[in-house]
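# Structural characterization, general
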Amino acid sequence: LAARKEPLPRRLVFIAFTAEEVGLIGSNHYVKNPIFPLKDTICMFNMDMVGRLRDDKLAVFGSGTAERWKPLVEELGKEHGFQLALKPEGLGPSDHQSFYVAKMPVLHLFTNSHTDYHRPTDDWDKINVPGMVRVVDLLEDLVIRTATTQERPAYVQVKGTASLERGGSRPYFGSI
């Protein structure tokens, strides 16, 4: 995005949050203490666990949090050759939830869980780099389309919480 000859008409903010696993602490802190006012922030795009693409399957959480998301994600997903699993809910297992609770449209890209999830065996050599590049290319297209569209994506409240399929044999408990 920085290499574009023509700059985007909207400001982009790239943030890496901490303490997502122990209660979305970093993203909650940012939403409560933003560097740029949330009223000037039109949406939040989140990538969490996008390094293990398998069988072209990409889950997209938050696809119902703005009316334009579903058709746009379907169009771009097809262009990039993904088999999409669209989850309309904005509440779900990652940092996008903090922004959705603040009434902001969100999208969270996720290549699904795996048996190494949160284990010492989850190492860099298992990253599917070409797959990750494809996910980032899709996100770049989503960002450009959103940044160059004059109208802000309008927040839509979606009931329910999206669930995450987890691999492995360990017990899991999640609560809000």
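What you see is a predicted model, and the numbers here were worked out from it, not measured in a lab.

### As for a nonpolar patch on the surface
- A cluster of nonpolar side chains, W124, I127, V129 and V133, forms an exposed patch at the surface whose accessible area comes to about 420 Å².
- Residue classification places W124 among the exposed positions, given a relative accessible area of 65%.

### Some thoughts on helix α2 (residues 69-79)
- Within the sequence span of α2, burial applies to W69, L72, V73, L76 and G77. End-on view of α2: buried residues confined to an arc of 125°, all on one side of the axis. When the buried face of α2 is taken as reference, the exposed residues oriented beyond 90 degrees from it are K78 and E79.
- Within two residues after α2, G81 carries a phi angle of roughly 75°, on the positive side.

### Overview of the packing of aromatic side chains
- Overall, the coordinates contain six aromatic pairs when judged by the stated rule.
- Between Y100 and Y155, the aromatic rings sit 5.3 Å apart at their centres with planes inclined by 40°, giving tilted as the arrangement. Here Y100, found in helix α3 (residues 96-101), pairs with Y155, found in the segment after α4 (129-147); they are 55 residues apart in sequence, far enough to count as distant.
- Accessibility expressed as a relative area gives 4% for Y100, which makes it buried.
- Members of the aromatic cluster, each reached through a chain of ring pairs, are F17, Y30 and F99.
- Above the face of the F82 ring, R134 is positioned so that its terminal group lies 4.5 Å from the ring centre.

### Brief notes about the packing of α2 against α4
- For the pair α2 and α4, the least separation of the axes is 10 Å and the interaxial angle reads 140°. Between α2 and α4, the interaxial angle falls into the category oblique. Relative to α4, α2 is oriented so that their crossing is right-handed. Contact residues: α2 offers W69, L72, V73, E75, L76, G77 and E79, while α4 offers L138, D141, L142, R145 and T146.
- The residue inventory of the contact of α2 with α4, partitioned by class, reads six nonpolar, two polar and four charged.

What counts, and where the lines are drawn
- Residues numbered from 1 in each chain as written.
- Predicted model: local features only at pLDDT ≥ 70, side-chain atom pairs only at ≥ 80, totals over all residues.
- Heavy atoms only, no water.
- Patch = residues over 30% accessible without salt bridge, like charges linked within 9 Å, V, L, I, M, F, W, Y side chains within 5 Å.
- Areas by Shrake-Rupley, 256 points an atom, 1.4 Å probe, with all protein chains shown as cover.
- Salt bridge = Lys/Arg side-chain N within 4 Å of Asp/Glu carboxyl O.
- Buried < 20%, exposed > 50% of the residue type's maximum accessible area, 1.4 Å probe, protein only.
- Helix = DSSP H or I, 4+ residues; strand = E, 2+ residues; numbered from the N terminus.
- Arc of directions from axis to C-beta.
- Phe/Tyr/Trp six-rings, centres within 6.5 Å; stacked < 30°, edge-to-face > 60°.
- Lys NZ or Arg CZ within 6 Å of the ring centre and 35° of its normal.
- Axes fitted to C-alpha atoms, helices over the stretch in contact; angles between N-to-C directions.
- Parallel < 35°, antiparallel > 145°, perpendicular 65-115°, else oblique.
- Left-handed = near helix turned anticlockwise from the far one by under 90°.
- Contact = heavy atoms within 4.5 Å.
- Nonpolar A, V, L, I, M, F, W, Y, C, P; charged D, E, K, R; others polar.

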